[in-house]
Amino acid sequence: MQKSGQFILMNRSEFKNWLYNSKFTRRITLIQNHHTWLPCYKQFKGNNHFEMANGMRNSHLKRGFSDIAQNLTIYPDGKIMVCRPFNTAPAGIKGANSTGICIENIGDFDIGGDTMLPEHRESILFVNAILAIRFGLPINTNSIVYHHWYDLNTGQRRDGKGATKTCPGTAFFGGNTVAAASKYFIPLVAAKANEIKSGKVESVVSHNLGSRVLGIGDSGSDVIELKKRLIPLGYNLDKTVSKFDTYTKNSVEHLQGKNGLKVDGLVGKATLNLINVKLKELESKKEEIIKEVIKVASKYFKDVDANHYSAKHIDSLYEKGVTSGTSKDTYSPRSSVSREDVAVMIDRAIEYTIKEIEKKFI
Ligand SMILES: [Zn+2]
């Protein structure tokens, strides 16, 4: 997230957080889609988001507007900028501003103009979908509208008749008519909204685990963190899905039941505490097992299996100089020993024994 004056530049995930954590005082019933036509893709250099916003603001002020006209600008790289504050009505479409949110998509999307980039397309769908979810709007051509459908003189919606602009472009998602929007744009926005609701979309609202009580239907990065803690305790959950689903609820209830907590499927302080205690227990159990394994493993050879019955004997003979490995740190415990090698080993063992006896008597 980057700020410059009133402008806030965000990626999709940041925008979702911003949208869910902001308070809105104005009633919103319409989402307006526009294209800027000029500036278009040619003017976008990849890092001049704020420069472009200031340019548009200046030109709108010159035209007599009180501020930059649009609430949101979506850039070719998919970045989303809050421009005019949401609590102020935009100057987007005559007749549709008082309850509208105005989205300006940078570009010329008339036929023969700019070819919309994939990230841009993704953000346009995402922003329309998340606005509809946040403001409880049905996803159809009554709440998601194009500038082209409004008469420029009267401000009446005439679905393309009368004095109109082509905005958001005759090639915008297959066309700027109501029929084209119903056929192409609206179904894509609806699909995106379903993805967002199921938690299968890249962005999640970030909450720290423990900052709220979690239950079925919740989604966010805290749900993912919760799942990551439940999985090692034996629960088979999908940590790529940020939604607290039935599987999560069943797992929580099972854990609560097994440990004498109230079985309500909610993760509050007590349940989170229990999960953390169980994880700590598991951690110390793991450490104990590792210590046991280290105890029997060979100190010298990496290929002598930790549980190999002969590990400690191999080490003992190595320390006494009776046997050496097949290289600096390998012993090749499964390979066979020739009669010559055995002769050498017995000889060394006898030598070692004599030395030990001598040590005792000298
Ligand atoms: Zn427009």
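Look up: the structure comes first, before these words.
### Brief notes about the nonpolar core
Here is step 1: In terms of nonpolar packing, the biggest core is built from 44 residues, with Phe-15, Leu-72, Phe-86, Leu-131 and Phe-185 touching the most fellow members.
Here is step 2: With eight residues, the single largest contributor to this core is helix H3 (residues 118–134).
Here is step 3: When sequence neighbours within four positions are dropped, the list of residues in contact with Phe-15 reads Met-10, Leu-72, Ile-80, Val-82, Phe-86, Val-127, Ile-130 and Leu-131.
Here is step 4: In this structure, Leu-214, Tyr-235, Leu-274 and Ile-275 belong to the second largest nonpolar core, which totals 14 residues.

### Concerning the environment of Lys-16
Here is step 1: Inspection of the secondary structure assignment puts Lys-16 in helix H1 (residues 12–21).
Here is step 2: For Lys-16 and Phe-86, which are 70 residues apart along the polypeptide, the C-alpha to C-alpha distance reads 14 Å.

### Details of the sheet that holds strand S4 (residues 72–74)
Adjacent strands of a sheet form backbone hydrogen bonds with each other and so pair up, either parallel or antiparallel.
Here is step 1: Strand order in this open sheet of seven strands is S1-S2-S5-S4-S6-S3-S7, and the pairing throughout is mixed. The open sheet terminates on both sides in strands that have one partner only, identified here as strand S1 (2–4) and strand S7 (144–146). With strand direction ignored, the average angle separating the axes of adjacent strands in the sheet is 25°.
Here is step 2: For S4 and strand S5 (residues 80–82), the ladder comprises three bridges, and the chain directions are antiparallel. Its bridge partner being in S5, Leu-72 is matched across the sheet by Val-82.
Here is step 3: Docked against the sheet, H1 engages strand S2 (7–10), S4 and S5, running at close to 130° with respect to S2.
Here is step 4: Each of strand S3 (30–35) and S7 is contacted by helix H4 (residues 178–197), which is oriented at about 135° to S7, the strand it contacts most.

### Description of the coordination of the zinc ion
Here is step 1: Looking at the zinc ion, the protein donor atoms are His-34 (ND1), His-147 (ND1) and Cys-167 (SG), and they sit 2.1 to 2.3 Å from it.
Here is step 2: Read in sequence order, the donor residues for the zinc ion give the motif H-x112-H-x19-C. A residue pair is termed long-range when its members are at least 10 positions apart, and His-34 in strand S3 and His-147 in the loop between S7 and H4 qualify at 113 residues.
Here is step 3: Under the relative-accessibility criterion, His-34 is labelled buried at 2%.
Here is step 4: Classification of His-147 as buried rests on a relative accessible area of 8%.

Thresholds, definitions, all that
Residues numbered from 1 in each chain as written. Predicted model: local features only at pLDDT ≥ 70, side-chain atom pairs only at ≥ 80, totals over all residues. Heavy atoms only, no water. Core = buried A, V, L, I, M, F, W, Y, C linked by side-chain atoms within 4.5 Å. Buried < 20%, exposed > 50% of the residue type's maximum accessible area, 1.4 Å probe, protein only. Helix = DSSP H or I, 4+ residues; strand = E, 2+ residues; numbered from the N terminus. Contact = heavy atoms within 4.5 Å. Pairing = 2+ DSSP bridges. Axes fitted to C-alpha atoms, helices over the stretch in contact; angles between N-to-C directions. Donors = N, O, S within 2.8 Å, 3.2 Å for Na, K, Ca; no water.

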